[in-house]
Amino acid sequence: MMYQYMVLDDETAIAHSEMKSDGKVKVYIEKPVEEGFYHATCWLPDYHWSDCVGFSDEDMERLKKFVENNAHIIIELSQEGGFDNASGF
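To keep things clear, this report deals only with the structure shown in the data block. Just so we're clear, the structure is a prediction, and the values are computed from it rather than from any experiment. (Residues numbered from 1 in each chain as written. Predicted model: local features only at pLDDT ≥ 70, side-chain atom pairs only at ≥ 80, totals over all residues. Heavy atoms only, no water.)

## A look at the nonpolar core
Here is step 1 of the chain: In this structure, Ile-14, Val-27, Ile-29, Leu-44, Trp-49, Leu-63 and Val-67 are the most contacted members of the largest nonpolar core, which totals 18 residues.
Here is step 2 of the chain: Of the residues forming this core, the biggest block, 7 residues, is contributed by helix H1 (residues 57-78).
Here is step 3 of the chain: Leu-44 has contacts with Gly-23, Lys-24, Val-25, Val-27, Val-67, Ala-71, Ile-74 and Ile-75, leaving out every residue within four places of it along the chain. (Core = buried A, V, L, I, M, F, W, Y, C linked by side-chain atoms within 4.5 Å. Buried < 20%, exposed > 50% of the residue type's maximum accessible area, 1.4 Å probe, protein only. Helix = DSSP H or I, 4+ residues; strand = E, 2+ residues; numbered from the N terminus. Contact = heavy atoms within 4.5 Å.)

## Details of the pairing of strand E5 (residues 48-53)
Each regular strand displays side chains that alternate between the two surfaces of the sheet.
Here is step 1 of the chain: Bridge count for strand E4 (residues 36-44) against E5 is 4 bridges, and the pairing is antiparallel. The residue bridging Trp-43 from the neighbouring strand is His-48, located in E5.
Here is step 2 of the chain: The hairpin formed by E4 and E5 contains 3 residues between the paired strands, and Tyr-47 there has a positive phi angle of roughly 60°. (Pairing = 2+ DSSP bridges.)

## Considerations on the sheet that holds strand E1 (residues 2-7)
Here is step 1 of the chain: The strand order across the open sheet built from 5 strands is E1-E2-E3-E4-E5, with neighbouring strands paired in antiparallel fashion. On the outer flanks of this sheet lie E1 and E5, each paired with one strand and no other. Here the average twist between neighbouring strands, direction ignored, is 20°.
Here is step 2 of the chain: Looking at chain direction, strand E3 (residues 25-33) and E4 are connected through 9 bridges and run antiparallel. Bridge pairing links Val-33 to Gly-36 in E4. (Axes fitted to C-alpha atoms, helices over the stretch in contact; angles between N-to-C directions.)

## Overview of the packing of aromatic side chains
Here is step 1 of the chain: Evaluation of the coordinates by the stated rule reveals 2 aromatic pairs.
Here is step 2 of the chain: An angle of 65° between the planes, with centres 6.3 Å apart, marks the rings of Tyr-5 and Phe-66 as edge-to-face. Of this pair, Tyr-5 sits in strand E1 while Phe-66 is found in helix H1, placing the two residues 61 residues apart along the sequence.
Here is step 3 of the chain: Residue classification places Tyr-5 among the buried positions, given a relative accessible area of 14%.
Here is step 4 of the chain: Look at Tyr-38 and Phe-55: their rings are 5.7 Å apart centre to centre, the planes differ by 70°, and that puts the pair in the edge-to-face class. Taken together, the residues span a long stretch of sequence, with Tyr-38 in strand E4 and Phe-55 in the loop between E5 and H1 at a distance of 17 residues.
Here is step 5 of the chain: You can call Tyr-38 partly exposed: its relative accessible area is 24%.
Here is step 6 of the chain: According to the relative accessible area criterion, Phe-55 is buried, its value standing at 11%. (Phe/Tyr/Trp six-rings, centres within 6.5 Å; stacked < 30°, edge-to-face > 60°.)

Following this line, the structure appears as structure tokens:
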């Protein structure tokens, strides 16, 4: 299951999975563009990026910083059923 985390001002959407049994969390990023979507996947806590399509190098650097700065929150939410089900937020 994927949970919406945030939509940025440029319509880039960030979602995350529940924490898997191996402790990993999938972070999926997509941005609507005229010809479809740009997308990228990051697996936490390893910060392993894959399937990055359409984003420029500058975009990827910005997204990597965003994920790094939010990883602790995303990991916590992945254990609580996403933002809507988290207590204390």
